Structure formats: structure tokens, C-alpha cells
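# Coordinate analysis (summary)
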Amino acid sequence: MTPEPQRLQYLDAMGLTAWVGRYQLPNALPTQACEWPEPITPEAVAPQSRLHALIDEAPRPTTPPAVSLAALAHDTPARPAGPPPSQSARALLGMAESVQPSKASVAKAASALSAPAASASLPSEQGSTASWGTPPDKMPAPVEVADEAAIAPPADQSPLRFSLQIAALDGRWLVVLPGDEAPHLQGEALLKALWRAAGITEPTQLTFSNFRWPLLPNLKASAPLEEAQEGLRAFLSGPARRDWQPERLLVFGNDESSQTLCKVLGVTSSMNGIGESSLLNIPVWHGPSLAALAHSSEAKRSLWPLLARWGRDWKSESATPGDSA
């Protein structure tokens, strides 16, 4: 065999289709002549012949072994010829009548079957435990199944929603403005006036950062308060605010958003709006908003006595152990 047919056979065994040119292209080398093996095609067989072949190949039924006439005569007596069809039918009817049970036998059997069941269903007069099994005093206590509502997972609830603007005064006092907008020029001027009145020197201008909860609009919460606290704590301890050392928290605003924020901070308010934050473990002052302070002289008057205290606390908290308070 020449190498070409062998190569084609190898390609066919590997599942690769080999293409052979049917025509010689112009200016192409002549195709090498080789011996192509002729395919062997089986002869066509008629359907009738195939059917006969299947019948011939089918297994033959096995015949029972032959029994000699002598053995049959020795083992079983010779049977007379069968009766006429009418007589055999009468015999069969008589046999069926003899096989059918009588009503008395049926009633007797039913009473025998119902007697053990009745004895098992009724307690014995002597208090025997044979039909009852374990006595009541030795029965195991029933297993209490826990309430499904107690073991069911908490259902999703609507999360707490709030937003705030936060800045750090010298990295020590956190100034919080509930809402999405940072203070405008009037609010910034009012804050600077408050610091000057309290005797607080502001080294740099306040830069506010925005925080909104929840982070996704369609977010569901299983524990709204705990999840909001974890989100706010993670925001305050972010990489950009690691140099903060919060000593006091000032919240300007009394609207609904500020109430939700104080709930998240765990603020316990006392006299004059001064309380403690259980989330940050620092003192908290919660008062009117900057807009209310700018337009209300009564709000400024109520805040004036507190400014002197802020100045003393600012100086005392910034003093080192070697300095005098």
C-alpha cells in the first residue's frame, strides 16, 4: 500500500476529514497515482429472506422429556374416558357449590377475627399491661416542639433612612448637619461666629463629607437599627478620617432626619440638649439648625450661655497632663 491511502486511513481514524482534489488546477503538479482500496459493499438481501433468517435463528421451544407408558401405568391408574360435555359441566357446578363456604362458617370466622381486636381495644379489668404495653407512669415525656415563629428567620423590613453632612473641628469635635446639602456662605459664617464667641480657634476651614443610608435605594434590612449603626461606624472609621479623634459631637437640626440620626447614634438627651452617644461613647449636643439660629434671635439667646462652656471644654480637653487647665 502506498503512503497516501495509509495517511488517509490514519486521518479518518482520528476523526479528521481529508479533502482530495477532484480536478487538476492549471500549472499544478500532477497528482501522484496510488492504489485506492475498493470499498466492500454487502449484497442486498430481500426483506422476505431477512424474515426467514430471523425465524430460523429464533430459539426452539423445549419439549418435555418422554415418559414411558409403563411408568404411567405403574404410578397413576388409568383414567376413564372423559364424560360428556353436559356431565362435566354438572360436575364443575357441584364442585363450585361445595367449595363456597356457608353463611354460618363465615359468621364464625368473622367473630373469631374480631375477638382479638376487641380485647386489644378495651383495657383489662385487672389493670394488666399486656394489652397496653408500657404503663402511663413509665411513658416518655412528650417532646416539646419549639414555636415556628421563634425559629423562623427575621423578615425583611424597611431600613432606616437618613443623610448627613459631617466635618471635624481640628479632628476633635464632630460637626453634623442632617440633610444632603452642605452649609452655604451664611451657614459657614454663622459657624465661624459661634467658634469665635466660644473662644475656639479654628486652624483650618471645615470640609464636610456626605453620608446617606441606606447605600442602595431598594435595600431590605433584617435589623434596621443595627445595620444603620454598623454603616455609620464604618463611615466614621474610613481611611480618609483615621486622623480624627472624636471628643464631642455637635448636631445642628431638629427635623425628622435628625431624630432618626440621633436614634442611630443612641443619643440620650438631658438638660439643654446635652447627652451621651452610646454608639461613639462621647458627649453629644443636639440643638436647632443653622437656618433657625440665623433667623431666630431667641434661639441665639438660648445658645449664648452654652458657648462659654464650649470654650472651657475645648481648652480643658486640649490641655496635656503637663499643662495647666
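Residues numbered from 1 in each chain as written. Predicted model: local features only at pLDDT ≥ 70, side-chain atom pairs only at ≥ 80, totals over all residues. Heavy atoms only, no water.

## Structural notes on the pattern of salt bridges
Opposite charge on two side chains allows them to pair when their charged atoms are near. How we decide: Criterion for a salt bridge: a side-chain nitrogen of Lys or Arg within 4 Å of a carboxyl oxygen of Asp or Glu. Put simply, DSSP marks the helices as runs of H or I at least four residues long and the strands as runs of E at least two long, and each gets a number from the N terminus on. Partly exposed describes any residue whose relative accessible area lies between the buried limit of under 20% and the exposed limit of over 50%, with all areas from a 1.4 Å probe on protein chains only and scaled to the type maximum.
Taken as a whole, this structure holds five salt bridges when the rule is applied. In this structure, Asp313 engages Arg248 in a salt bridge whose closest nitrogen and oxygen atoms are separated by 3.0 Å. Highlighted residues: Asp313 in helix 11 (residues 297–318) and Arg248 in strand 4 (residues 248–252), separated in sequence by 65 residues. Judged by its relative accessible area of 17%, Asp313 is buried. Between Arg309 and Asp313 there is a salt bridge, with its nearest N and O atoms 4.0 Å apart. Linking Arg309 with Asp313, this pair stays in helix 11, spanning four residues, or about one helical turn. Overall, the relative accessible area of 40% leaves Arg309 in the partly exposed class. If you follow the salt bridges from partner to partner, you end up with Arg248, Arg309 and Asp313 in one network.

## With respect to the nonpolar core
For the record, the criterion: Note on terminology: a nonpolar core comprises buried Ala, Val, Leu, Ile, Met, Phe, Trp, Tyr and Cys residues joined through side-chain atoms within 4.5 Å.
With 25 residues, the main nonpolar core has Trp195, Phe252 and Trp310 as its most contacted residues. Listed by contribution, the elements that provide at least two residues to this core are strand 1 (162–169), strand 2 (173–178), helix 7 (185–198), strand 4, helix 10 (290–295) and helix 11. The biggest single contributor to this core is helix 11, with six residues. In this structure, Leu160, Phe235, Val264 and Leu265 belong to the second largest nonpolar core, which totals 22 residues.

## What about the sheet that holds strand 6 (residues 274–277)?
What counts, and what does not: Strands are treated as partners if at least two bridges between them are detected by DSSP. Note on definitions: angles span 0 to 180 degrees between N-to-C directions of axes, and those axes are lines fitted to C-alpha atoms, for helices only across the stretch in contact.
An order of 3-1-2-4-7-6-5 is seen for the seven strands of this open sheet, with the pairing classed as mixed. What marks the edges here is a single partner per strand, and that holds for strand 3 (209–213) and strand 5 (267–269). Strand after strand, the sheet turns through a mean of 25° between neighbouring axes, direction not considered. With four bridges joining them, strand 4 and strand 7 (residues 282–287) adopt parallel strand pairing.

## Considering the confidence of the model for the protein chain
Parts of the model with low pLDDT should not have their predicted coordinates read in detail. Which entries qualify depends on this criterion: Each residue carries a pLDDT score, the predictor's confidence in it, ranging from 0 to 100. Residues are treated as being in contact if the distance between any of their heavy atoms lies within 4.5 Å.
Here the protein chain averages 73 in pLDDT, while 58% of its residues score no lower than 70. Here residues 116–132 is modelled with pLDDT under 50, and outside its nearest four sequence neighbours on either side it reaches six contacts, counting other chains as well.

## Observations concerning helix 1 (residues 3–13)
Heads up, the condition is: What the arc covers is the set of directions going from the helix axis to the C-beta atoms.
Among the residues of helix 1, those classed as buried are Pro5, Leu8 and Leu11. For helix 1, the buried positions fall inside an angular range of 120° around the axis, keeping them on one side. The outward face of helix 1, more than 90 degrees from its buried face, is lined by the exposed residues Pro3, Tyr10 and Ala13. Immediately beyond the C-terminal end of helix 1, within one or two residues, lies Gly15, with a positive phi of roughly 85°.

## A short note on helix 8 (residues 224–236)
Quick reminder of the rule: A helix is expected to span 1.5 Å multiplied by its residue count minus one.
Under the 1.5 Å per step criterion, the end-to-end length of helix 8 is 19 Å for 13 residues, consistent within 8% with the ideal 18 Å. Inspection of helix 8 places Pro224, Ala228, Gln229, Gly231, Leu232, Phe235 and Leu236 among the buried residues, and these make up the whole buried set. Around the axis of helix 8, the buried residues are gathered within 165° of arc, so they sit on the same side. Residues of helix 8 that are buried in the fold lie against strand 1, strand 3 and helix 9 (256–265).

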